[in-house]
Amino acid sequence: MNKYIVEFIGTFFLVLTIGCTVIGHGAGPFAPLAIGSALMVMVFAGGYISGGHFNPAVTLGVWMRGKCEAKDVAPYMIFQIMGAMLAALVVKFLKGGAPVAPLQPATVPALLAEFLFTFALVYVVLNVATAKGTSGNSFYGLAIGFTVLAGAFSVGNISGGAFNPAVAVGISVMGLSSWSNLWIYLVADFAGAGVAAGAFKAVSPANREDVRRPDSRDQTQGHKEAA
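Treat the numbers as computed from the prediction; the structure is a model and nothing was measured. (Residues numbered from 1 in each chain as written. Predicted model: local features only at pLDDT ≥ 70, side-chain atom pairs only at ≥ 80, totals over all residues. Heavy atoms only, no water.)

**Section: helix H3 (residues 56-65)**
Here is step 1: Summarising burial for H3: eight of the 10 residues are buried, a large majority.
Here is step 2: Within the span of H3, buried status applies to Pro56, Ala57, Val58, Thr59, Leu60, Gly61, Val62 and Arg65.
Here is step 3: Buried residues in H3 make contact with helix H4 (70-94), helix H5 (107-129), helix H7 (165-174) and helix H8 (182-203).
Here is step 4: For H3, the side-chain oxygen to backbone nitrogen distance between the N-cap and Ala57 is 2.8 Å, and the N-cap itself is Asn55.
Here is step 5: Positive phi appears at Gly66, one or two residues downstream of H3, with a value of about 95°. (Buried < 20%, exposed > 50% of the residue type's maximum accessible area, 1.4 Å probe, protein only. Helix = DSSP H or I, 4+ residues; strand = E, 2+ residues; numbered from the N terminus. Contact = heavy atoms within 4.5 Å. Polar contact = N/O pair within 3.5 Å; in protein donor to acceptor, adjacent residues only side chain to side chain.)

Dropping the structure here:
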């Protein structure tokens, strides 16, 4: 249960940051920096417990790569979406008086933009957080957060820059995107994740071995051995 709660918390603060920086007098053109930073710190905070997905598309990609148990896939996605929806409601309370204009993206450009940067995000996650060649690195959270930052700066005005089905639900609840556009994010983001997992397996065969970040049990055992 701890890892599900971590996924809830991380997704909550990611979506909360999105709403607070985009709606009303938020961060303006610096919103992507705040959003990428929020994801980065949440990945660093919870990565050793849950893997720090905070994104159903990432969960799909990690599962396809073989680093997420099948029994965890649905609970991860459920808790991520719950976190996103609660964050959206909190944003609506905090920013209740601010006008919100839903994005009306062109379908094909939005599909392509979401697909490409979700591919990039999941590809980066698999390489920096699950690969043998980068095992034990200290930059995985920065790499993941900055991938979202780059995507938000690049195509945020085209698709909304979700790259995350839970975020898509959150921005729909907030009114930043129309519910009728939700399918764009679901199709493009899950497709991008699936293709990224396939690409990782194709180009990184030497990195398929199991890689585990130390969790609390490892640390406890290490302290006992040291004592």
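Let's pick the thread back up.
**Details of the confidence of the model for the protein chain**
Here is step 1: The predicted model of the protein chain averages 90 in pLDDT, with 90% of residues at 70 or higher.
Here is step 2: pLDDT under 50 marks residues 211-227. Its contacts with residues more than four places away, or in other chains, come to 18 contacts. (pLDDT = per-residue confidence, 0-100.)

**Overview of a nonpolar patch on the surface**
Here is step 1: Together, Phe30, Leu33, Phe44, Phe139, Leu142, Phe146 and Phe153 line one region of the surface with nonpolar side chains, adding up to about 670 Å² of accessible area.
Here is step 2: Every element with two or more residues in the nonpolar patch is listed here: helix H2 (31-50) and helix H6 (140-159).
Here is step 3: Here Phe153 shows up in helix H6.
Here is step 4: Among the residues examined, Phe153 registers a relative accessible area of 48% and is labelled partly exposed. (Patch = residues over 30% accessible without salt bridge, like charges linked within 9 Å, V, L, I, M, F, W, Y side chains within 5 Å. Areas by Shrake-Rupley, 256 points an atom, 1.4 Å probe, with all protein chains shown as cover. Salt bridge = Lys/Arg side-chain N within 4 Å of Asp/Glu carboxyl O.)

**Focus on the environment of Val62**
Here is step 1: With respect to the element layout, Val62 can be found in helix H3.
Here is step 2: Taking the relative accessible area as the measure of exposure, Val62 reaches 3% and is therefore buried.
Here is step 3: Sequence spacing of Val62 and Asn2 is 60 residues, and the spatial spacing of their C-alpha atoms is 19 Å.
Here is step 4: Look past the residues within four positions of Val62 in its chain and what remains in contact with it is His53, Lys67, Cys68, Val125 and Leu126.

**Side note on the packing of helix H1 (residues 2-22) against H7**
Here is step 1: Contact geometry for H1 and H7: axes closest at 10 Å, N-to-C directions at 45°. Of the possible angle classes, the one that applies to H1 and H7 is oblique. For the element pair H1 and H7, the recorded crossing hand is right-handed. Seen from H1, the contacting residues are Thr11, Leu14, Val15, Ile18 and Gly19; seen from H7, they are Ala166, Val167, Gly170, Ile171 and Met174.
Here is step 2: Across the contact of H1 with H7, the residue classes break down as seven nonpolar, three polar and no charged. (Axes fitted to C-alpha atoms, helices over the stretch in contact; angles between N-to-C directions. Parallel < 35°, antiparallel > 145°, perpendicular 65-115°, else oblique. Left-handed = near helix turned anticlockwise from the far one by under 90°. Nonpolar A, V, L, I, M, F, W, Y, C, P; charged D, E, K, R; others polar.)

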